[in-house]
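# Structural features, examined
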Amino acid sequence: MPDTIRQIRSVLSAILLTLLAVTLGACSGGDFGRTRADMRSDDMHRWLGAEATGSVGLTPSQFQLTDEERQLRDLAYPMIEPPLSRPAWKSVFGDYKAMPSPWRQKIVFDRTMYGRTLIDEPHRSHSSRYAQLIEDVRNDITRFEPFFASAIRVIDLDRKRDASMARVSALSPRERDDAVARMQENSLIVQWVQQCLEQRISSYRWALERLVIHAPDGMAADADRLIGELAAQTANPPVQAQPPYGRAVISKG
């Protein structure tokens, strides 16, 4: 009998330890997929500029971010992170991560990934898949205006920065290089978002086509209308960012 009691206690201890580990893991991850608190900081998206410039062989700026530049990066990240890139288990155990820019040679865009994930993930019904697609497209439409409003402000301030450099007294080569690098960073981030939007539209259309084949539904018309709305906005962005000083940027993938 004592041996049996010890075995039961051992099993219970193992179960309790497992539950404790799960609880601690849940605490370290963000609720509902949000970035956990210990990962947040004012400059948590600063890496976007360094990644964008580094991917085309440029040196990132050492200047501190302005409030407008910080907001541009904060608004850019959710439009750069691929939709459905965080599986359900990541809402507890996974979190924020940096991503390679579209100018990395090894990056190959797969327009089928979103649709395959949407179809393969467990759903209560096919209607919930349509609802997920509609929600993702609507989220991009909602984010579109705030991001590009921020981009307009940043690009306009960069034009003023560029015009002012000729009148700055004793401008050092380091200061000039950092100013130019920051303008290039900002411009490339806007272009990065523009490319991601174009890719998302392609992915959404592929996904909708497959959903219609797998499970025709009247919700397809709503999804198609929203995708068309996002495509129209993306085809005519309110600002066209160009790298300053004639630096050509070639899209890969």
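Residues numbered from 1 in each chain as written. Predicted model: local features only at pLDDT ≥ 70, side-chain atom pairs only at ≥ 80, totals over all residues. Heavy atoms only, no water.

## Some remarks on the overall build of the protein
Counting secondary structure elements, the protein contains 7 helices and 0 strands. Its helices and strands in sequence order give the protein the pattern α-α-α-α-α-α-α, from N to C terminus. Expressed as a percentage of its 253 residues, the buried residues of the protein come to 39%. Sequence-distant contacts, at least 24 apart, represent 83% of the contacts inside the protein between residues at least 6 apart. (Helix = DSSP H or I, 4+ residues; strand = E, 2+ residues; numbered from the N terminus. Buried < 20%, exposed > 50% of the residue type's maximum accessible area, 1.4 Å probe, protein only. Contact = heavy atoms within 4.5 Å.)

## Let's talk about the packing of helix 4 (residues 113-120) against helix 6 (residues 173-214)
Running from N to C, helix 4 and helix 6 point in directions that differ by 40°, and their axes come no closer than 7 Å. Between helix 4 and helix 6, the angle is such that the two are oblique. Both helix 4 and helix 6 take part in a crossing whose hand is right-handed. On helix 6, the residues that touch Tyr114, Gly115, Arg116, Leu118 and Ile119 of helix 4 are Ser203, Tyr204, Trp206, Ala207, Arg210, Leu211 and His214. Classifying every residue of the contact of helix 4 with helix 6 gives 7 nonpolar, 3 polar and 2 charged. (Axes fitted to C-alpha atoms, helices over the stretch in contact; angles between N-to-C directions. Parallel < 35°, antiparallel > 145°, perpendicular 65-115°, else oblique. Left-handed = near helix turned anticlockwise from the far one by under 90°. Nonpolar A, V, L, I, M, F, W, Y, C, P; charged D, E, K, R; others polar.)

## Comments concerning unusual backbone geometry
Located in the positive-phi region is Ala170, a residue other than glycine, with phi close to 55°. You can see Ala170 is positioned in the loop between helix 5 (126-165) and helix 6. A residue is classified by how much of its surface remains accessible, and Ala170, at 76% relative accessible area, is exposed.

## Regarding the packing of helix 3 (residues 67-80) against helix 6
Packing of helix 3 against helix 6 leaves a shortest axis separation of 10 Å and a crossing angle of 25°. The angle between the axes of helix 3 and helix 6 places the two elements in the roughly parallel class. Classified by chirality, the crossing of helix 6 by helix 3 is left-handed. From helix 3, Glu69, Leu72, Arg73, Ala76, Pro78, Met79 and Ile80 reach across to helix 6, where they touch Arg182, Glu185, Asn186, Ile189, Val190, Trp192, Val193, Cys196, Leu197 and Arg200. Grouping the constituent residues of the contact of helix 3 with helix 6 by class yields 11 nonpolar, 1 polar and 5 charged.

## Quick look at helix 2 (residues 47-55)
By the criterion of burial, helix 2 is predominantly enclosed, with 7 of the 9 residues buried. Buried positions along helix 2 lie against helix 3 and helix 6. Directly after helix 2, the chain includes Gly57, whose backbone phi takes a positive value near 80°.

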